[in-house]
Amino acid sequence: MTDTLAPASGTAQDPEIPQERSIVTAIPGPKSQELHERRKAVVPVGVHSALPVYIERAHGAIVVDVDGNRFIDLGGGIGVTTVGHTVDTVVDAAREQLGQVFHTLFTITPYESYVRVAEKLAEHTPGDFAKKTVLVNSGAEAVENGVKIARKHTGRNGVAVLDHAYHGRTNLTMAMNYKAAPYATGFGPFAGDVYRAPNSYPYHDGLTGEQAAARTIGYLEKTVGASDLACLVVEPVQGEGGFIVPADGYLPALQEWCTANGVVFIADEIQSGMARTGAWFASEHFGLVPDLVLSAKGIAGGLPLAGVTGRAEIMDSAQPGGLGGTFGGNPVAAAASVAVFEHIETTGLLAEAARIESTLRPELERLRSKHDIIGDVRGIGAMLAIELVQPGTHEPNPEAVNAISAAAAQRGVIVLTAGTYGNVLRFLPSLAISDELLLDAVGVLDEAFSAL
Ligand code: PLZ
């Protein structure tokens, strides 16, 4: 892995960043505090920053702030920098493209990199059939387009989603999220024809996959009826909801029901896809072959890009001119994305996700046996989480989550929160992170738990 950690092209803008944590000021440091004051004057409070340290540069699994503090990044920009920060080949691909052409608009005059990303997605998403891809700018926009396409294909309106789901911040996706606050509070009216069904949440419902699927399907049949549903949108591993891994057999049963009833089965792989779980897409772990796969986040290493990939006959149901957008599939983002795919293909990064799980999961289990507020350890690959509870119960403990993430930040570890009740700590580091850094970060967490 050392190659991927070398500074990009050795230019003055890319000095070597040691892959170790180092805190040299109070957190946030003086320069961050100064920037934060400026920001408060010009950026609305609706745009919140979980940790107001201002980042200047990053490489591999380390981010460096304006005060020179180096943090172990266990969040990867919420699962975006999956291949690592500033990977040489990705930086080079984007730089080269910048020197050629920034923008033409694919729906006016196209270019090759868009086609190459579509080819890569056709190759790496589950299913051995003809697939097509539309590229857009963000995860929410991918969800919106997936729904548009499913509606056009089926001639139906209904959109089914699951409890604890998160799909974005646009009007339709706000209506698809489980959690109202903070995403939707006061922002209505919301899109209609969205139906939310119970999910599978083994730690809380204790149901088998079969039982949970019967509950979901029964609910949808009763409250909508399959014949009015265009699609069911599921995150194979729910992200913002708290890295919820459904019980065995749950998702295949949902897919089977969708297929039998002409409902388009859409996998929102925006957080779980692109090698995060040790498979190209988490659907593979469950034997799913979705009709449509949504990708974003890690697809271009940090540049804004997202896609809807699916069965050619479904994707082609949208009329010419029906899909698009000014920046969708931007040449620089697309060039970076091709480099991300090639990096994953050639450096064995899928195995790195499995390595991260084999290092981190036993450590998290060890913490659970030591600290009784850790109720559950779960996840797949480099998408792991712990759920914090009131000791001896399954009641949420968001205060502990906030205290631990704040204490970790003070010691140079960035760890993200999640969960409908804000009581989950999630770990989604870059796949380039070393075992040493993981163990160092766990040591910091362990001390934070002990200090509670
Ligand atoms: N679907 C499964 O995880 C984005 C949200 C960050 P966008 N999750 C991080 C925040 O607070 O805004 C996400 C996701 C899943 C869709 C989305 C939406 O992706 O690129 O943020 O629009």
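Cut-offs applied
Starting from 1, residues in each chain are numbered consecutively following that chain's sequence as written. Note on the predicted model: pLDDT of at least 70 is required for a residue's local features to be given, and 80 or more for side-chain atom pairs to be given and counted; whole-chain, interface and lining totals, by contrast, use all residues. Values reported for side chains reflect all heavy atoms of the structure, with hydrogen atoms and water molecules removed beforehand. Nearness is defined per residue: one heavy atom within 4 Å of the molecule or strand is enough. What qualifies as a polar contact is a pair of N or O atoms within 3.5 Å, subject to a donor-acceptor requirement within protein and to the restriction that residues adjacent in sequence count only when both atoms come from side chains. For the area figures, the Shrake-Rupley method with a 1.4 Å probe applies, and any residue is considered shielded solely by the protein chains shown. Throughout this entry, Asp, Glu, Lys and Arg are counted as charged residues, while Ala, Val, Leu, Ile, Met, Phe, Trp, Tyr, Cys and Pro are counted as nonpolar. The remaining residues, Gly among them, count as polar. Just so you know, the domain bounds were taken from an automatic or database domain assignment. A simple way to read buried area is as the amount of 1.4 Å-probe accessible surface that goes missing from two parts once joined, with both sides added. The rule for a salt bridge is simple: a side-chain nitrogen of Lys or Arg has to be within 4 Å of a carboxyl oxygen of Asp or Glu. Secondary structure elements are defined from DSSP: runs of H or I of at least 4 residues count as helices, runs of E of at least 2 residues count as strands, and each element is numbered from the N terminus. Here the rule is simple: two strands pair whenever DSSP picks up at least two bridges between them. To define axes, lines are fitted to C-alpha atoms, for helices over the stretch in contact only, and angles between the resulting N-to-C directions are given on a 0 to 180 degree scale. Residue burial is assigned from relative accessible area. The probe radius is 1.4 Å, only protein chains are included, and a residue is buried under 20% of its type maximum, exposed over 50%, and partly exposed in between. By definition, residues are in contact when any of their heavy atoms lie within 4.5 Å. The rule is short: rings of Phe, Tyr and Trp, with Trp giving its six-membered ring, pair when the centres are within 6.5 Å, and they are stacked under 30 degrees, edge-to-face over 60, tilted in between. The criterion is that NZ of a Lys, or CZ of an Arg, lies within 6 Å of the ring centre and within 35 degrees of the ring normal, and then a charge sits over that ring.

Caption draft 1: Main features of the site of the ligand. Taken together, 14 residues surround the ligand, and among them Gly139, Ala140, Arg169, Asp268 and Gln271 come closest. Residue Ala140 places a main-chain N or O atom 2.8 Å away from an oxygen atom belonging to the ligand. Gln271 places a side-chain nitrogen or oxygen 2.7 Å from an oxygen atom of the ligand. Computed on the free molecule, the ligand has an accessible area of 510 Å², of which 81% lies beneath the protein chains in the complex. Across the shell around the ligand, the residue classes tally to four nonpolar, five polar and five charged.

Caption draft 2: Summary view of the domain arrangement of the chain. Assigned domains within the chain: domain 1 (30-73 + 349-450) and domain 2 (91-347). Of note, the centres of domain 1 and domain 2, computed from C-alpha atoms alone, are 26 Å apart. Here domain 1 packs against domain 2, burying approximately 2,300 Å² in sum over the two surfaces, 61% of which is carbon and sulfur. By the criterion of area lost to domain 2, the three top residues of domain 1 are Leu350, Ile380 and Met383, representing 31% of everything that side buries. A salt bridge links Glu240 to Arg426, with the shortest nitrogen-to-oxygen separation between them at 2.9 Å. Summed over the shared surface of domain 1 and domain 2, the result is 16 residue pairs in polar contact (both at pLDDT 80 or more). Of all the elements in the fold, those that place two or more residues in the side of domain 1 that touches domain 2 are α13 (349-370), β11 (374-380), β12 (383-388) and β15 (424-427). Looking at the side of domain 1 that touches domain 2 element by element, the count peaks at five residues for β11.

Caption draft 3: Representation of the sheet that holds strand β9 (residues 292-295) in the model. Judged by pairing direction, the sheet is mixed, and its seven strands sit side by side in the order β4-β10-β9-β8-β7-β5-β6 without closing on themselves. Taken across any chain shown, the strands that pair with only one partner, and hence form the sheet edges, are β4 (131-136) and β6 (194-197). The mean angle between the axes of side-by-side strands here comes to 20 degrees, regardless of whether they run parallel or antiparallel. As defined by bridge partners, β4 adjoins strand β10 (residues 306-311) across six bridges and the pair is classed as antiparallel.

Caption draft 4: Here's a closer look at the environment of Glu284. With respect to the helices and strands, the residue Glu284 is situated in the loop between β8 (264-268) and β9. Exposure remark for Glu284: the relative accessible area of 38% places this residue in the partly exposed category. Here the alpha-carbon distance between Glu284 and Val43, two residues 241 residues apart in the chain, equals 41 Å. With sequence-adjacent residues up to four places away left out, Glu284 is seen in contact with His124, Pro126 and Ala279.

Caption draft 5: Up close: the pairing of strand β3 (residues 70-73). Covered by surrounding structure in β3 are Arg70 and Ile72 together with Phe71 and Asp73, the residues of both alternating faces. In this sheet, β3 lies alongside strand β2 (residues 62-65) in antiparallel orientation, the contact comprising three bridges. When the sheet's bridge partners are listed, Val64 is paired in β3 with Arg70. Linking β2 back to β3 in an antiparallel pair, the connection comprises four residues, with Gly68 at a positive phi of about 85 degrees. As defined by bridge partners, β3 adjoins strand β13 (residues 413-414) across two bridges and the pair is classed as parallel. What sits directly across from Asp73, in β13, is Ile414.

Caption draft 6: Region of the structure containing unusual backbone geometry. At the junction of Ala181 and Pro182, the peptide bond is cis and its omega measures out at 0 degrees in the coordinates. Structurally, Pro182 is set in the loop between α7 (171-176) and β6. The linkage connecting Gly188 with the following residue, Pro189, adopts the cis geometry, with an omega of 5 degrees. As for its position among the elements, Pro189 is in the loop between α7 and β6. Here Thr86, not a glycine, exhibits a phi torsion of approximately 45 degrees, which is positive.

Caption draft 7: A look at the sheet that holds strand β1 (residues 55-59). Across the sheet, which stays open at both edges, the four strands sit in the order β1-β2-β3-β13 with mixed pairing between neighbours. Each edge of the open sheet carries a strand with a single partner, namely β1 and β13. Of the strand pairs in this sheet, β1 and β2 are connected by four bridges, and their pairing is antiparallel. For Ala58, the partnering residue across the bridge sits in β2 and is Val63.

Caption draft 8: Here's a closer look at the packing of aromatic side chains. Considering all chains together, one arrives at five aromatic pairs under this definition. Taken together through their ring pairs, the aromatic side chains of Phe106, Tyr111 and Tyr114 make up a single cluster. Above the plane of the ring of Phe129 lies Lys131, whose end atom (NZ or CZ) is 5.5 Å from the centre. Between the NZ or CZ atom of Arg311 and the centre of the ring of Phe129, over which it lies, the distance is 4.0 Å.

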